[in-house]
Amino acid sequence: MAEPEKKKMSVAEMVAAARKADSGKSAEAPSEPAAESSAPEAAAPTAAPAAKPAAKPAAAGGAKMSVAEMLAAARAEKAPGAAAPKPAAAKPVAAEKPAPAAKPAAAKAAPKAPAAPTAPKDTGSILSETRSGAKPGPMSKAEAALKAPAAKPAAKEKPRAVVPPMPAKPDYAKPKPKVTVDESRRNFLTDVMLGSFLGIGFVSMGVTFGLWTLGTARFMFPNVLTEPPSKFKVGFPSNFAPGQVETKFIPQYGVWVVNYEYNGKSEIYALRSVCTHLGCTPNWLEGEQKFKCPCHGSGFYKDGINFEGPAPRPLERYAIRLADDGQLEIDKSKIFQEEIGQWSDPASFVAV
Ligand code: FES
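Note that this is a predicted model, so its numbers are computed, not measured.

## Some thoughts on unusual backbone geometry
- Located in the positive-phi region is Asn263, a residue other than glycine, with phi close to 55°.
- In this structure, Asn263 sits in the loop between strand S3 (255–262) and strand S4 (265–272).
- Even without a glycine there, the phi angle at Gln289 is positive, about 50°.
- Residue placement: Gln289 occurs in the loop between strand S5 (283–285) and strand S6 (290–292).

Encoded structure:
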């Protein structure tokens with residue numbers, strides 16, 4: 001029964017058919033190894049030529065092409081120059097089945113294939129490599145695109161060469177910092193102005209000038225008076241017993257508060273603690289009941305009248321009065337002298 005003549009298949013179709021035959025049907029599996037086993041025989045130029053013509057016409061006469069035949073036909077199409085006429089020569093030979101001359105021509109084309117730029121391999125080895133995945137066979141652009149990203153990371157994982165560190169530079173080989181104008185001025189100030197005798201002289205002159213300026217400014221202002229107030233209270237009249245001389249106000253106010261008699265009248269008065277000789281401060285001598293000046297020996301009675309020494313006149317009195325709260329208030333701004341009759345002034349005593 002005559003088989004329908006096959007159409008000319010493109011390379012992609014041939015490869016797809018070969019893959020389908022390899023991966024798929026179990027019924028065809030035993031036939032492909034048989035075909036593949038015959039492929040080396042057809043490709044081998046030294047094989048017996050008598051058996052080959054019998055097998056080749058059967059394949060070329062329109063029967064189902066084996067994988068080896070498909071790959072051979074694909075190589076013949078790919079081969080430049082001489083590959084193109086070979087299929088054309090094969091077809092007529094196939095039509096004229098008894099003509100064995102076509103087969104040697106096709107058989108001769110097989111040895112020419114290894115002369116191609118690619119490495120010469122037989123069909124069995126190509127298929128075995130394709131199945132094992134060691135060497136990818138022809139594939140479509142989509143398959144190549146799918147496999148391409150997997151190959152890129154492998155290229156990135158190349159081990160990097162370990163570069164040893166550079167030796168440290170010595171100090172003389174290091175770049176020196178550039179000295180700017182400001183740094184040079186700073187060095188001048190620190191080294192010359194402050195670190196030498198000239199600098200010390202300038203600093204001393206500056207300090208002296210500052211102190212002189214402060215002194216001049218202080219001279220322009222008057223001194224502040226630090227004297228205690230002229231009026232002060234010493235307590236109630238009942239606090240002073242008759243004949244008592246209170247000396248506790250001497251350190252702060254310089255005054256004795258005395259409760260004694262003057263001209264036969266009991267009164268409280270305030271004696272100024274200043275000697276009428278040359279201004280020393282007399283002491284109250286309780287045992288001798290007198291005021292005694294330590295400077296020249298002047299003595300004063302309890303009422304302030306001088307009776308010995310160089311003092312020319314009695315002690316002086318301060319003004320004294322009863323304040324609104326009933327206490328005795330002394331005013332040191334007013335002085336009363338006995339020799340001119342001022343002790344009779346009521347402002348110079350408080351009657352008790
Ligand atoms: Fe008091 Fe001379 S100062 S006796």
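There's more to say after this.
## Re a nonpolar patch on the surface
- A contiguous nonpolar patch, built from Val203, Val207, Leu211 and Leu214 and spanning about 390 Å² of accessible area, is present on the exposed surface.
- When you line up the elements, Leu211 lands in helix H10 (residues 197–219).
- Judged by relative accessible area, Leu211 falls into the exposed class, the value being 57%.

## Concerning the confidence of the model for the protein
- Predicted confidence across the protein gives a mean pLDDT of 74, with 63% of residues reaching 70 or more.
- Every residue in residues 25–62 is under pLDDT 50, and counting partners more than four places away or in other chains gives 37 contacts.

## Regarding the packing of aromatic side chains
- Inspection of every chain in the model, using the stated rule, returns six aromatic pairs.
- Aromatic pair Trp284 and Phe291: ring centres 4.7 Å apart, planes at 50°, arrangement tilted. Per residue, the accessibility class of Trp284 equals that of Phe291, and both read buried.
- Joined through ring pairs, the aromatic side chains of Trp256, Trp284 and Phe291 make up one cluster.

## Re the pattern of salt bridges
- One pass over the full model with this rule turns up 10 salt bridges.
- Across the salt bridge formed by Lys174 and Asp171, the nearest N and O atoms sit 3.7 Å from each other.
- For Arg317, the salt bridge goes to Glu267, with nearest N and O atoms at 3.2 Å. Linking Arg317 in strand S9 (residues 317–322) with Glu267 in strand S4, this pair joins segments that are 50 residues apart in sequence. Both residues of the pair, Arg317 and Glu267, belong to the buried class.
- Salt bridges linked by common partners bring Arg272, Arg313, Glu316 and Glu339 together as one network.

## Section: the state of the cysteines
- One pass over the full model with this rule turns up one disulfide.
- Here Cys280 engages in a disulfide with Cys295; their sulfurs sit 1.8 Å apart. Residues Cys280 and Cys295 are joined by a disulfide whose S-S torsion is about -100°; by sign, that bridge is left-handed. Taken together, the residues Cys280 in the loop between S4 and S5 and Cys295 in the loop between S6 and strand S7 (299–300) connect sequence positions 15 residues apart.
- Exposure remark for Cys295: the relative accessible area of 38% places this residue in the partly exposed category.

## Things to note about the sheet that holds S6
- Overall, antiparallel pairing links the four strands, which are arranged S5-S6-S7-S8 in an open sheet. Across the chains shown, the open sheet's two edge strands, defined by having one partner strand only, are S5 and strand S8 (306–308).
- As judged from the three bridges shared by S5 and S6, these two strands associate in the antiparallel manner. Looking at S6, one finds that Leu285 is bridged to Lys290.

Rules of the game
- Residues numbered from 1 in each chain as written.
- Predicted model: local features only at pLDDT ≥ 70, side-chain atom pairs only at ≥ 80, totals over all residues.
- Heavy atoms only, no water.
- Helix = DSSP H or I, 4+ residues; strand = E, 2+ residues; numbered from the N terminus.
- Patch = residues over 30% accessible without salt bridge, like charges linked within 9 Å, V, L, I, M, F, W, Y side chains within 5 Å.
- Areas by Shrake-Rupley, 256 points an atom, 1.4 Å probe, with all protein chains shown as cover.
- Salt bridge = Lys/Arg side-chain N within 4 Å of Asp/Glu carboxyl O.
- Buried < 20%, exposed > 50% of the residue type's maximum accessible area, 1.4 Å probe, protein only.
- pLDDT = per-residue confidence, 0-100.
- Contact = heavy atoms within 4.5 Å.
- Phe/Tyr/Trp six-rings, centres within 6.5 Å; stacked < 30°, edge-to-face > 60°.
- Disulfide = S-S within 2.5 Å.
- Pairing = 2+ DSSP bridges.

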